Amino acid sequence: MTETIESLLKEQKKYYPPEEFVRNANMKDPQIYEKAEEDLEGFWEELAYNIDWFKKWDTVLDWQPPHAKWFSGAKLNASYNCLDRHISKHGDKTALIWEGEMENSATYTYRELLDATARFAAALKEMGIKKGDVVTIYLPMIPEAVISMLACSRIGAPHSVVFAGFSADALAQRMNDSNSHYLITCDGYFHKGKLIEQKEKADIGLENCNCVEKVIVTNHAANAIAMKEDRDIWWDELIHNVDSECEPEHMDAEDILFLMYTSGTTGKPKGVVHTTGGYMVGTNVTSKWIFDLKDDDIYWCTADVGWITGHSYLVYGPLSNGATIVMHEGAPDYPDKGRFWDIVEKYGVTIFYTAPTAIRTFMKWGDDIPAKYDLSSLRLLGSVGEPINPKAWLWYYEVIGNSHCPIVDTWWQTETGMIMISPLPGLTTMKPGTATRPFPGIKASVLDDDGNEVPEGNGGSLAIERPWPSMIRTINGDEQRFLDTYWSKWGTDRYLAGDGARRDKDGYFWVLGRLDDVIKVSGHRLGTMEIESSLVSHKAVAEAAVDGKTDEIKGEVVVAYVILEADAKASDELKQELKEHVVEEIGPIARPKQIIFTDDLPKTRSGKIMRRVLKAITNDTEVGDITTLQNPAVVEELKRKVNELR
Ligand code: 6R9
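The protein chain goes by Acetyl-coenzyme A synthetase in an unreviewed UniProt entry, where it is assigned to Methanococcoides cohabitans. On record in UniProt, under Catalytic activity (unreviewed entry), the comment for the protein chain is "acetate + ATP + CoA = acetyl-CoA + AMP + diphosphate". Comment text from UniProt for the protein chain, heading Cofactor (unreviewed entry), reads "Mg(2+)".

In structure tokens:
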């Protein structure tokens, strides 16, 4: 373990935010951490005043582990906070810039977004949707997705957004689990120029849904579709004769705002339940302090609305701050590999938030692509979704940020609702590869199996010690799974994040990856992410995925799947060199037994490597459902390569 940690500690160079950034930062009080510690409830209570409430709370926090109620007795509405309250000062300000896949675009001012939302909300109500009815949204990255979410929250109907790239089966499973009677979808959309028949997919899924009553279809790709009588209705027809006024429902702070299905350790996705008051307070302040949102910012979060990041940091957090958001439908390499930088230049994006997998892809494509664009508007960069290896961090910092944009590496989860560990860009000294410190008021720790804090520098399991406003309330329909998954390891007052981490001498947290992916080699514990980070630090490697393969003698051995840089050549010599490189970086225990060169890895549509699938490939077991993969064909190809080595 010490060897592995040393390899990470090598990257200790520090980076400071530019003086001007520090001077103007939304949060520049270094005492903020202590202040939050001194009076936790007072800290969150003060922040709650950044949200508009119809009625104030009776208590800030009611904590009966593991059940928290935040701002009990208070009334508010999320869409009101994202729209109505900005109108008097900022009605004509651009709320949403939408950039389509075909380089078409649209913008909505706050007033226009409110009108569209209120009209659609009124239509949903007229259709019979009531407070508490779950509405499933199965839309790609188009303005109607945001409008649908806000319209649901306006009338108090919890939304359940299902990622548009998910299969028909996945849609059906989520609709059934949430007992959702309503679906909002579209005719179709384009992905890299290819038509995706979304309505057709939905129709197939709905065959396995007994609960569905009404399907609202928005016209996007104008492809021919079948409309089922008495069930399907066009969005435009629905809103045609409807009033554009719709009073926001007064919701209890603890009323459900949305469900978000996410993968767990079993095959069945969990419907994570988030409520209204605490979620709004948490996403509002983290957006304001971590992304340093200012009135004139153009903020672009590349996450899809189908994921939690799209909920918290494309929609609710930024809009509740009155920000201008960019929403992009499409892929980073369509029509060409400069697409993202083209959008940054076109709109003068100032804050850019994306995932390490994207950053590493850009890195692989080469510096000359971003060099063709004017990226000088950027002032802050963000990263989320997985550990960002120092090499990618530095590339992002230097090539995209021109060495003057702080990077906020934000650690959080679907379950946490808001960012939990991240630099505050005007305060925190950055070190590549670490998400740095817990947000003020958040107490994170690194524990061993018995719940004891591990010594500084050692690896352990990441825990969150206290309740926070936007925390998961339960798993829809499965309270037991909620208790078992997060609150059974060390008792009901410490949240098990499921990630491995270590804390360095500065108190910074280094998230090492999911503990579910930990491998044991000769009894030594290794994070697959650590070996990956070491591999990608080699100049020939663009991306790597590491897995544990069962071994009679050693328990497990390391198998590495490696995507090479464009200019590198696959050879036995290179394999040897990479093995030695890992030995050098981490230690002999981490030496990969096998290296498999590949052009692709099994990834979800959000770009995460699907470990379950990789594990099955590595160990030649049943791969199971691969419909959610970005690239299902890669499975057979890798299996073949693995078998060749057997
Ligand atoms: C927001 C989101 C959660 C898991 C989490 C961890 C990984 C996310 C990270 C990170 C290291 C970061 N993760 N951000 N690991 N550094 N900055 O991604 O939610 O999809 O639920 O995934 O993602 O492993 O446990 P979700």
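Q: Tell me about helix H20 (residues 611-618), and please be specific about residues and values.
A: H20 sits mainly inside the fold: six of its eight residues count as buried. Those residues of H20 lying buried are Arg611, Val613, Leu614, Ala616, Ile617 and Thr618.

Q: How would you explain the packing of helix H4 (residues 40-48) against helix H11 (residues 277-290) if you had to name every residue and give the values?
A: Where H4 contacts H11, the two axes come as close as 10 Å, and the packing angle between them is 85°. By the angle between their axes, H4 is roughly perpendicular relative to H11. Contact residues: Phe43, Trp44, Leu47 and Ala48 in H4; Val281, Val285 and Trp289 in H11. Classifying every residue of the contact of H4 with H11 by side-chain character gives seven nonpolar, no polar and no charged.

Q: Requested: an account of the site of the ligand, with residues and values cited.
A: Asp409, Thr410, Gln413, Thr414 and Asp499 are the nearest of the 16 residues found near the ligand. Note that an oxygen atom of the ligand is positioned 2.9 Å from one of the side-chain N or O atoms of Gln413. Take Thr414: an N or O atom from its side chain is 2.6 Å from an oxygen atom of the ligand. Burial of the ligand by the protein amounts to 89% of the accessible area it has alone, namely 530 Å². A class-by-class count of the residues in the shell around the ligand yields six nonpolar, five polar and five charged.

Q: Could you give me a rundown of the side chain of Lys579, with the residues and numbers involved?
A: Considering the arrangement of structural elements, one finds Lys579 in helix H19 (residues 572-585). Despite its burial, Lys579 remains without a salt bridge, the nearest opposite charge being carried by Glu580 at 8.1 Å. From its side chain, Lys579 meets the backbone oxygen of Lys593 in a polar contact 3.3 Å long. Other than its neighbours up to four places away in sequence, Lys579 contacts Arg591, Pro592, Lys593 and Ile595.

Q: Give me the UniProt feature "binding site: Mg(2+)" (unreviewed entry) in the protein chain: which residues, what numbers.
A: The sites that UniProt annotates as "binding site: Mg(2+)" (unreviewed entry) are Val536, His538 and Val541. Within the secondary structure layout, Val536 lies in helix H18 (residues 528-536). Those residues within four positions of Val536 in sequence are excluded, and the remaining contacts are Asn389, Lys391, Val541, Ala542, Glu543 and Ala544. Here Val541 shows up in strand E27 (residues 541-551). For Val541, a relative accessible area of 0% gives the class buried. With sequence-adjacent residues up to four places away left out, Val541 is seen in contact with Lys391, Leu535, Val536, Val562, Ile563, Glu565 and Leu578.

Q: Outline the packing of aromatic side chains, supporting the account with residue identities and numerical values.
A: Enumeration over the complete set of coordinates arrives at 38 aromatic pairs. Between the aromatic rings of Phe291 and Tyr313, the centroid separation amounts to 5.6 Å while the plane-to-plane angle is 65°, which identifies the pairing as edge-to-face. Of the two residues, Phe291 sits in the loop between H11 and strand E16 (298-301) while Tyr313 sits in helix H12 (residues 308-320), which places them 22 residues apart along the sequence. The pair Phe291 / Tyr313 is uniform in exposure class, with both members buried. Plain terms: the ring middles of Tyr486 and Tyr495 are 5.3 Å apart, the flat faces sit at 15° to each other, and that makes the pair stacked. Grouping residues by exposure puts Tyr486 and Tyr495 together as buried. Through a chain of ring-to-ring contacts, the aromatic side chains of Phe43, Trp44, Tyr49, Trp53, Trp57, Trp70, Phe71, Trp289 and Phe439 assemble into a single cluster. Just above the ring of Tyr33 sits the side chain of Arg437; from NZ or CZ to the centre is 3.8 Å.

So, how was this worked out
- Residues numbered from 1 in each chain as written.
- Predicted model: local features only at pLDDT ≥ 70, side-chain atom pairs only at ≥ 80, totals over all residues.
- Heavy atoms only, no water.
- UniProt positions renumbered as here; feature names shortened; annotations may be inferred.
- Buried < 20%, exposed > 50% of the residue type's maximum accessible area, 1.4 Å probe, protein only.
- Helix = DSSP H or I, 4+ residues; strand = E, 2+ residues; numbered from the N terminus.
- Axes fitted to C-alpha atoms, helices over the stretch in contact; angles between N-to-C directions.
- Parallel < 35°, antiparallel > 145°, perpendicular 65-115°, else oblique.
- Contact = heavy atoms within 4.5 Å.
- Nonpolar A, V, L, I, M, F, W, Y, C, P; charged D, E, K, R; others polar.
- Near = heavy atom within 4 Å.
- Polar contact = N/O pair within 3.5 Å; in protein donor to acceptor, adjacent residues only side chain to side chain.
- Areas by Shrake-Rupley, 256 points an atom, 1.4 Å probe, with all protein chains shown as cover.
- Lys, Arg positive; Asp, Glu negative; His and termini not counted.
- Salt bridge = Lys/Arg side-chain N within 4 Å of Asp/Glu carboxyl O.
- Phe/Tyr/Trp six-rings, centres within 6.5 Å; stacked < 30°, edge-to-face > 60°.
- Lys NZ or Arg CZ within 6 Å of the ring centre and 35° of its normal.

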